[in-house]
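Coordinate inspection notes
Letter by letter, the chains look like this.
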Amino acid sequence: MSLFFLLLSLLCALAVTYPYLLYGRLLDVVPSQPLHPKLGHNCSATLVFCAYNEAASLPQKLDNIAALKLRHPDLEVLAFDDGSSDGSLDLLLSRRDLLTVITGSGRNGKAHGMKQLSARAGGEIIVFTDANVTLREDAIDALMAWYADPQVGGVCGSLIYLGTDSSATAAVGSRYWRLEEKLKSKESRTGNVMGADGSIFSIRRELYPNFPDTVLDDLTVSMHVIFAGLRLIKADDVIAYERIVGKRSDEIARKIRIAARAFHTHVFLRQKLNQMHAVDKFKYSSRKLLRWFGGGFLILAALFAMLAAWLVSPFLALVCLVICAGLILVGLRANKGPMASIMEVIIALLATQLGIIHAVRGRTFSVWSPAKSR
């Protein structure tokens, strides 16, 4: 019987690690689907972003927009202020030469704001980004080249995090994101990326869908490219920069909010997800569904391992429990090093699982606040 519980523990551990360690290797054997970008291809574009209390980030953001518009004078830029109270709106309004500002009635959330902006966008391509994100000056040129291929309906850029050595939270977050970027590149090579990150992605304007304010707008909007029968790809030469979250409490709150909204998105898109091709279903299950339940699998792996030890010897189980408790305490107190990193991974998995539980119970997260530790 102890061997049975040990096997269950190993299977749960496999479920935890599969999306990060094995999924990418499986993608390596999937045939490539080449595309044909054309440098110099030109089409009109609208850059959109939402802001809430981003006064610290906006001066750099506005300078970045000015640099982008020097290369692309016809680039339309629209910003939505979601009821900021720190002077963000005044900063945005002070640069009417660069952008058009749209305001809401108090706090409505990013999804609501993006819908307002997209409805007013005049460009053939809508480029989505965040108020705290800057784009490399050639990003728009690189982006447009991919739209020369009529198969392409959406393009995800590549995000580089800054400040990655500020804490264990930042270091683990950075390593996780580098893995994400590699997996997205592999997904893109083999067909479609399973959803975009809101820091930098774009779609053809006519593909923009309607959706409730409680979902992740970036995931919802980007997945509709796939539902329309076009390619959602990742462009490694479209570069964006963002400062990473450095404080554990900020990252926990962020993980919970994103996971809850992601699950509501899954429920909203479920019918269309079921109609995807088999390869895309495999990708979505591997990179989305399994990760959301990684915290639950981790807890089950520990419980089954403890049961296996108990059946061998109650004393052995007690020793294992004491050792695990001690390691957890060491990890929680550590600021850097392997134990701190392992603890950050565990906390991230559990925070994501908590977000899913909130969503299943009906809790929604429509609004957001910028992390103070960025």
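Note: the structure precedes this text.
Residues numbered from 1 in each chain as written. Predicted model: local features only at pLDDT ≥ 70, side-chain atom pairs only at ≥ 80, totals over all residues. Heavy atoms only, no water.

**Let's talk about the environment of alanine 111**
Tracing the chain through its elements places alanine 111 in helix α4 (residues 110-120). Separated by 104 residues in sequence, alanine 111 and valine 215 place their C-alpha atoms 7.2 Å apart. Not counting residues within four places of it along the chain, the set of residues in contact with alanine 111 comprises Phe211, Pro212, Asp213, Val215, Asp217 and Arg261. (Helix = DSSP H or I, 4+ residues; strand = E, 2+ residues; numbered from the N terminus. Contact = heavy atoms within 4.5 Å.)

**Re the packing of helix α8 (residues 248-274) against helix α12 (residues 338-360)**
Contact geometry for α8 and α12: axes closest at 7 Å, N-to-C directions at 40°. Between α8 and α12, the crossing angle belongs to the class labelled oblique. Helix-helix and strand crossings are classified by hand; for α8 and α12 the assignment is right-handed. On α12, the residues that touch Arg248, Ile252, Lys255, Ile256, Ala259, Ala260, Phe263 and His264 of α8 are Glu344, Ile347, Ala348, Ala351, Thr352, Leu354, Gly355, Ile356, His358, Ala359 and Val360. Here the contact of α8 with α12 is composed, by residue class, of 12 nonpolar, 4 polar and 3 charged. (Axes fitted to C-alpha atoms, helices over the stretch in contact; angles between N-to-C directions. Parallel < 35°, antiparallel > 145°, perpendicular 65-115°, else oblique. Left-handed = near helix turned anticlockwise from the far one by under 90°. Nonpolar A, V, L, I, M, F, W, Y, C, P; charged D, E, K, R; others polar.)

**Considerations on the pattern of salt bridges**
Side-chain pairs of opposite charge can arise whenever the charged atoms involved come near each other. Counted under the stated rule, the structure contains 15 salt bridges. Where salt bridges share partners, they join Glu180, Glu187, Arg287 and Arg291 into one cluster. (Salt bridge = Lys/Arg side-chain N within 4 Å of Asp/Glu carboxyl O.)

**Some details on the packing of aromatic side chains**
Under the defined criterion, the tally for this structure stands at 11 aromatic pairs. A ring pair is formed by tyrosine 23 and phenylalanine 282, whose centres lie 5.7 Å apart and whose planes are at 70°; its orientation type is edge-to-face. Of the two residues, tyrosine 23 is situated in helix α1 (residues 2-27) and phenylalanine 282 in helix α9 (residues 278-292); the sequence distance between them amounts to 259 residues. Using a relative accessible area of 0% as the deciding quantity, one classes tyrosine 23 as buried. (Phe/Tyr/Trp six-rings, centres within 6.5 Å; stacked < 30°, edge-to-face > 60°. Buried < 20%, exposed > 50% of the residue type's maximum accessible area, 1.4 Å probe, protein only.)

**What about the pairing of strand β8 (residues 231-243)?**
Both strand β5 (residues 134-135) and β8 contribute to a ladder of 2 bridges, which runs antiparallel. Residue leucine 135 lies in a different strand from β8, and its bridge partner there is alanine 240. Two strands pair when backbone bridges link them, and strand β6 (residues 152-162) and β8 are joined in this way by 9 bridges, in the parallel orientation. Across the sheet, isoleucine 160 pairs through a bridge with tyrosine 241, a residue of β8. (Pairing = 2+ DSSP bridges.)

**Quick word on a nonpolar patch on the surface**
The grouping of Leu7, Leu11, Leu14, Leu21 and Leu22 at the surface amounts to a nonpolar patch, some 460 Å² of accessible area in total. Summarising the element assignment, leucine 21 is placed in helix α1. (Patch = residues over 30% accessible without salt bridge, like charges linked within 9 Å, V, L, I, M, F, W, Y side chains within 5 Å. Areas by Shrake-Rupley, 256 points an atom, 1.4 Å probe, with all protein chains shown as cover.)

**Some details on unusual backbone geometry**
Not every positive phi belongs to a glycine, and asparagine 53 is a case in point at roughly 50°. Assignment of secondary structure puts asparagine 53 in the loop between β1 (45-51) and α2 (58-71).

**Comments concerning α2**
Between its first and last C-alpha atoms α2 spans 20 Å; for 14 residues at 1.5 Å apiece the expected length is 20 Å, and the two agree. In the core, the buried residues of α2 are packed alongside β1, β2 (76-81), α3 (88-93), β4 (125-129), β5 and α5 (139-146). (Expected span 1.5 Å × (residues − 1).)

**With respect to the packing of α1 against helix α6 (residues 168-189)**
At a minimum axis separation of 10 Å, α1 and α6 run at an interaxial angle of 25°. Relative to α6, α1 is oriented roughly parallel. Between α1 and α6 the crossing geometry is left-handed. Along its contact with α1, which presents Pro19, Tyr20, Tyr23, Gly24 and Leu27, the element α6 presents Tyr176, Leu179, Leu183, Lys186, Glu187 and Arg189. Here the contact of α1 with α6 is composed, by residue class, of 7 nonpolar, 1 polar and 3 charged.

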